[in-house]
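Architecture and fold: a report
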Amino acid sequence: MPLDLTPKIIDQLLDSLVEKGWFEWPNAVTDELCLNLLTEVEKHDSEGELQRAGIGRGKALQLNKEVRQDSIYWLNGKSSIQQTYLKQMAEIQFQLNRALFLGLLEYESHFALYKEGGFYKKHLDSFRGHANRVVTTVLYLNPNWQDEWGGELVIYNEKSTETLATITPQMGKLVIFMSEEIPHEVLPTKQPRVSVTGWFRCNASIAGNIDPAL
Ligand code: OGA
Ligand code: MN
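About the thresholds
Residues numbered from 1 in each chain as written. Chains lettered and ligands numbered in written order. Predicted model: local features only at pLDDT ≥ 70, side-chain atom pairs only at ≥ 80, totals over all residues. Heavy atoms only, no water. Helix = DSSP H or I, 4+ residues; strand = E, 2+ residues; numbered from the N terminus. Buried < 20%, exposed > 50% of the residue type's maximum accessible area, 1.4 Å probe, protein only. Contact = heavy atoms within 4.5 Å. Areas by Shrake-Rupley, 256 points an atom, 1.4 Å probe, with all protein chains shown as cover. Near = heavy atom within 4 Å. Polar contact = N/O pair within 3.5 Å; in protein donor to acceptor, adjacent residues only side chain to side chain. Pairing = 2+ DSSP bridges. Phe/Tyr/Trp six-rings, centres within 6.5 Å; stacked < 30°, edge-to-face > 60°. Lys NZ or Arg CZ within 6 Å of the ring centre and 35° of its normal. Axes fitted to C-alpha atoms, helices over the stretch in contact; angles between N-to-C directions.

1. Quick word on the overall build of the chain
Of regular secondary structure, the chain possesses three helices and eleven strands. Within the chain, buried positions represent 49% of all 214 residues. Contacts in the chain between residues at least 24 apart in sequence constitute 78% of all its contacts with a sequence separation of at least 6. Accessible surface, the chain: about 10,700 Å² in total, of which carbon and sulfur atoms supply 52%.

2. Regarding the site of ligand 1
Tyr120, His123, Asp125, Val138, Tyr140, Leu153, His184, Val186, Arg193, Ser195, Thr197 and Trp199 make up every residue found near ligand 1. Between ligand 1 and Asp125 there is a distance of 3.2 Å, counted from an oxygen atom to a side-chain nitrogen or oxygen. Between Arg193 and ligand 1, the recorded distance is 2.8 Å, taken from a side-chain N or O atom to an oxygen atom. Look at ligand 1: alone it shows 290 Å² of surface, and the protein chains cover 99% of it.

3. Re the environment of Tyr114
Along the polypeptide, Tyr114 turns up in strand β4 (residues 106–114). The exposure class of Tyr114 is buried, given its relative accessible area of 4%. Sequence separation between Tyr114 and Pro188 is 74 residues, and the spatial gap between their C-alpha atoms is 8.7 Å. In contact with Tyr114, other than residues within four places in its own chain, are Gln69, Asp70, Phe119, Tyr120, Val186, Thr189, Gln191, Pro192 and Arg193.

4. Brief notes about the pairing of strand β6 (residues 133–140)
Across the eight residues of β6, eight count as buried, placing the element largely inside the fold. When β6 meets strand β11 (residues 193–201), the two strands line up antiparallel, connected through seven bridges. The residue of β11 that forms the bridge with Val138 is Thr197. Pairing geometry for β6 and strand β9 (residues 174–178), over five bridges, is antiparallel. The partner of Thr136 across the bridge, within β9, is Phe177.

5. Regarding the packing of aromatic side chains
On inspection of all chains with the given rule, the structure shows five aromatic pairs. Between Phe23 and Trp25, the aromatic rings sit 6.2 Å apart at their centres with planes inclined by 50°, giving tilted as the arrangement. When sorted by exposure, Phe23 lands in the same class as Trp25, which is buried. Ring geometry for Tyr107 and Phe200: centres 4.6 Å apart, planes at 40°, overall tilted. Highlighted residues: Tyr107 in strand β4 and Phe200 in strand β11, separated in sequence by 93 residues. Through a chain of ring-to-ring contacts, the aromatic side chains of Tyr85, Tyr107 and Phe200 assemble into a single cluster. Positioned above the aromatic ring of Tyr156, the side-chain terminus of Lys122 is 4.4 Å from the ring centre. Over the ring of Trp199 we find Arg133; its NZ or CZ atom is 3.6 Å from the centre of that ring.

6. Observations regarding the sheet that holds β4
Taken together, seven strands build an open sheet; the order of strands is β1-β9-β6-β11-β4-β3-β2 and the sheet is antiparallel. Of all the strands in the sheet, the pair left with one neighbour each is β1 (22–25) and β2 (51–52). In this sheet, β11 lies alongside β4 in antiparallel orientation, the contact comprising nine bridges. When the sheet's bridge partners are listed, Tyr114 is paired in β11 with Arg193. Lying on the sheet, helix α2 (residues 31–46) is in contact with β3 (71–74), β4, β6 and β11; it crosses β4 at an angle near 70°. Packing of helix α3 (residues 80–100) onto the sheet brings it into contact with β1, β3, β4, β6, β9 and β11, and relative to β4 it is tilted by some 125°.

That is the geometry; function is a separate question.
Below you can see the structure in the form of structure tokens.
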């Protein structure tokens, strides 16, 4: 089933991104696709294929347990489940380019698993001027998430410590935000917490160097 990209929801998404820099979209993706994605990441986990997430890329990659405690698996588009998901993100990319002229060229994404106690301290996904990651997407895959389990995504004001939103990682919810503008954090979770995080990029590389060290 495709994303329910009605003109109304597209307008809401675009207005919200322009005015606030972020958009919370509950039930964006069907339970069926979310459960299939969840099954896929659980299989990769049971086969030991997840890797500890780091900060930065390439030579600058650092494993820093103080900042970030999740394990990831990069999507490679090989399974039909992934292809269905990637097609839906391509629809969003098309709408963002059509209306906002963002010039998004690429989409990269990974599954992320936060085990009990996992968190990701306040950060930005991209640094202004480096023009690599432009728009972030996070799709949650957790059925029947309970408030007392924590694991919320907190969105902060760009210029102060004010909290703008505290978002539960409920299955099917898609959060979309401007990667360079929106500081955010994942609060410690009491239950395993699974998501697909992705980034639309406006360049594949700078001087042939993919994601140069920041
Ligand atoms: C990230 C991130 C947020 C979330 O992977 O960079 O901030 O809610 N994820 O999982
Ligand atoms: Mn992030």
